[in-house]
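The residues making up each chain are set out below.
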Amino acid sequence: MSKHIYIYSPSGAVRDKHAFKRGIARLKKLGYAVEVDEAALKSHMRFAGDDDMRLAAIQRAADSGADAALITRGGYGLTRILDRIRYPALARAVERGTRFVGMSDFTALQMGLLARTGAVSWAGPALGEDFGTEDTPDDIMEDCFADLMTGHGEGAGWRLAKDDAVPPRKASGREDAPDWSVGNAVLWGGNLAVLSSLVGTPYLPAIKGGVLFVEDVNEHPYRIERMLTQLLHAGVLARQKALVLGQFSKYKPVPHDRGFKLATVAAWLRTQLKVPVLTQLPYGHVATKVMLPVGAKVQLAVEGRDALLFWGHLGGPHHHH
């Protein structure tokens with residue numbers, strides 16, 4: 001039986017109809033049964049329909065019984081309805097085996113869901129940006145999505161930057177032990193601008209001993225630093241076991257940066273935190289992105305410049321943490 005994907009628009013209006021159509025065609029070609037929400041192409045100002053319409057679309061996605069509910073795109077629109085989403089209904093859908101997948105503005109819904117119910121959702125592709133690209137969709141992104149749909153995805157590995165050296169902690173005395181590792185840590189995070197906008201609200205999960213990952217697009221390194229500083233001063237960063245920086249894309253350095261760059265931000269954070277700050281996670285507003293289980297318990301290990309996030313089998317229903 002082919003896997004069922006429900007496509008809906010909880011945030012911004014779909015502007016690129018060609019990408020939307022290409023994305024649906026590609027998913028069908030990959031063998032998925034695709035169901036498109038009745039309001040997927042609705043438009044109200046910059047939103048995919050007014051607030052009530054988008055709330056109804058989220059509820060239809062939860063009721064769809066699909067193997068995955070995939071957003072058309074991010075944009076903006078979820079933070080303004082966080083107090084009206086029926087989180088227990090979404091959590092029940094997760095229990096039954098629906099994976100809610102998305103990124104960008106979708107981070108708001110993911111954080112609300114995690115804060116209110118503890119249910120796991122997935123940071124991953126969006127229909128238009130990832131499956132609907134003019135060129136061929138990224139192989140790694142497609143493979144990770146396929147692994148999720150078949151229940152095979154167990155983790156993600158990547159290469160760290162040279163500056164990401166983590167102090168060895170081979171306390172076990174075992175030669176094959178990684179240089180550094182943490183286990184039983186809740187993986188959480190997503191888009192940095194969205195996360196920082198949730199500080200002080202009931203929709204930012206109060207996670208201690210977690211692994212926090214962040215990414216963003218069109219944000220200059222000083223703005224990235226300012227948002228991370230907000231999380232730092234709010235006490236969020238110090239409570240984690242590790243901070244993982246994903247991809248920060250599409251920003252332009254300016255002459256008066258005078259050498260201030262993204263690496264500067266990571267280096268400064270390391271002076272403020274006792275926990276590792278790792279970079280280069282292949283996730284963000286970029287073609288190559290892994291799927292990450294938001295709210296799941298993970299292990300994070302570092303060996304030299306190789307990092308591995310491992311969560312085991314989470315594909316099927318009844319993986320409620």
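Small disclaimer: the values here were computed from a predicted structure and weren't measured.

Chemist: How would you sum up the packing of helix α2 (residues 51–63) against helix α3 (residues 87–95)? Please name residues and give values.
Modeler: Taken N-terminus to C-terminus, the directions of α2 and α3 make an angle of 25 degrees; their axes are 8 Å apart at the nearest point. Judged by the angle between their axes, α2 and α3 are roughly parallel. Helix-helix and strand crossings are classified by hand; for α2 and α3 the assignment is left-handed. Touching I58, Q59 and A62 of α2 are A89, L90 and A93, all from α3. Of the residues contributing to the contact of α2 with α3, the split by class is 5 nonpolar, 1 polar and no charged.

Chemist: Please give an account of the sheet that holds strand β1 (residues 4–8) that cites residues and values.
Modeler: Judged by pairing direction, the sheet is mixed, and its 6 strands sit side by side in the order β2-β1-β3-β4-β5-β11 without closing on themselves. At either end of the open sheet lies a strand with only one pairing partner, and these are β2 (33–36) and β11 (292–294). Taken over all neighbouring pairs, the strand axes of this sheet differ in orientation by 30 degrees on average, direction set aside. Examined bridge by bridge, strand β4 (residues 99–102) and strand β5 (residues 121–123) share 2 bridges and lie parallel to one another.

Chemist: I'd like a rundown of the packing of helix α8 (residues 221–233) against helix α9 (residues 262–272), residues and numbers included.
Modeler: Contact pair α8 / α9: the axes reach a minimum separation of 9 Å and the direction vectors enclose 20 degrees. The angle between α8 and α9 places the two elements in the roughly parallel class. Where α8 crosses over α9, the two elements pack in a sense that is right-handed. On α9, the residues that touch P221, I224, E225, L228, T229 and L232 of α8 are L262, V265, W268, L269 and Q272.

Chemist: Any details on the environment of W188? Residues and values, ideally.
Modeler: For W188, the location among the structural elements is in strand β7 (residues 180–191). Each C-alpha atom of the pair W188 and G210 lies 7.1 Å from the other, and the pair is 22 residues apart in sequence.

Chemist: Talk me through α2; I want residue IDs and the actual numbers.
Modeler: Working note: α-helix, 3.6 residues per turn, so residues spaced by three or four point in the same direction. Here α2 contains 13 residues, and its C-alpha end-to-end distance of 18 Å stays within 8% of the 18 Å for a straight helix at 1.5 Å per residue. Of the positions making up α2, those classed as buried are D51, R54, L55, A57, I58, Q59, A61 and A62. Among the structural elements, β1, β3 (68–71), α3, β4 and α4 (106–117) are those in contact with the buried residues of α2. For α2, the capping residue at the N-terminal end is D50, with a side-chain oxygen 3.2 Å from the backbone nitrogen of D52. G65 occupies a position one or two residues after α2 and carries a positive phi of about 70 degrees.

Chemist: Pulling in residues and values, what's your account of the packing of aromatic side chains?
Modeler: Scanning the model with the defined rule gives 6 aromatic pairs in all. Ring centres 6.5 Å apart and planes at 40 degrees place the aromatic pair Y6 and Y8 in the tilted group. Among the aromatic side chains, those forming a connected cluster through ring pairs are Y32, F131 and F145.

Chemist: I'd like a rundown of the pattern of salt bridges, residues and numbers included.
Modeler: Under the defined criterion, the tally for this structure stands at 9 salt bridges. Residues E219 and R223 are paired through a salt bridge, measuring 2.6 Å at the closest nitrogen-oxygen approach. By relative accessible area, which is 14% here, E219 ends up buried. The exposure class of R223 is partly exposed, given its relative accessible area of 34%.

Chemist: Give me the lowdown on the sheet that holds strand β10 (residues 277–278), citing residues and values where you can.
Modeler: Spatially, the 7 strands line up as an open sheet ordered β6-β13-β12-β7-β8-β9-β10, and their pairing is mixed. Strands at the two margins of the open sheet, each flanked by one partner only, are β6 (155–159) and β10. In terms of strand pairing, β7 meets strand β8 (residues 211–217) through 5 bridges, oriented parallel. By the bridge assignment, W188 is partnered in β8 with L212.

Rules behind the numbers
Residues numbered from 1 in each chain as written. Predicted model: local features only at pLDDT ≥ 70, side-chain atom pairs only at ≥ 80, totals over all residues. Heavy atoms only, no water. Axes fitted to C-alpha atoms, helices over the stretch in contact; angles between N-to-C directions. Helix = DSSP H or I, 4+ residues; strand = E, 2+ residues; numbered from the N terminus. Parallel < 35°, antiparallel > 145°, perpendicular 65-115°, else oblique. Left-handed = near helix turned anticlockwise from the far one by under 90°. Contact = heavy atoms within 4.5 Å. Nonpolar A, V, L, I, M, F, W, Y, C, P; charged D, E, K, R; others polar. Pairing = 2+ DSSP bridges. Expected span 1.5 Å × (residues − 1). Buried < 20%, exposed > 50% of the residue type's maximum accessible area, 1.4 Å probe, protein only. Polar contact = N/O pair within 3.5 Å; in protein donor to acceptor, adjacent residues only side chain to side chain. Phe/Tyr/Trp six-rings, centres within 6.5 Å; stacked < 30°, edge-to-face > 60°. Salt bridge = Lys/Arg side-chain N within 4 Å of Asp/Glu carboxyl O.

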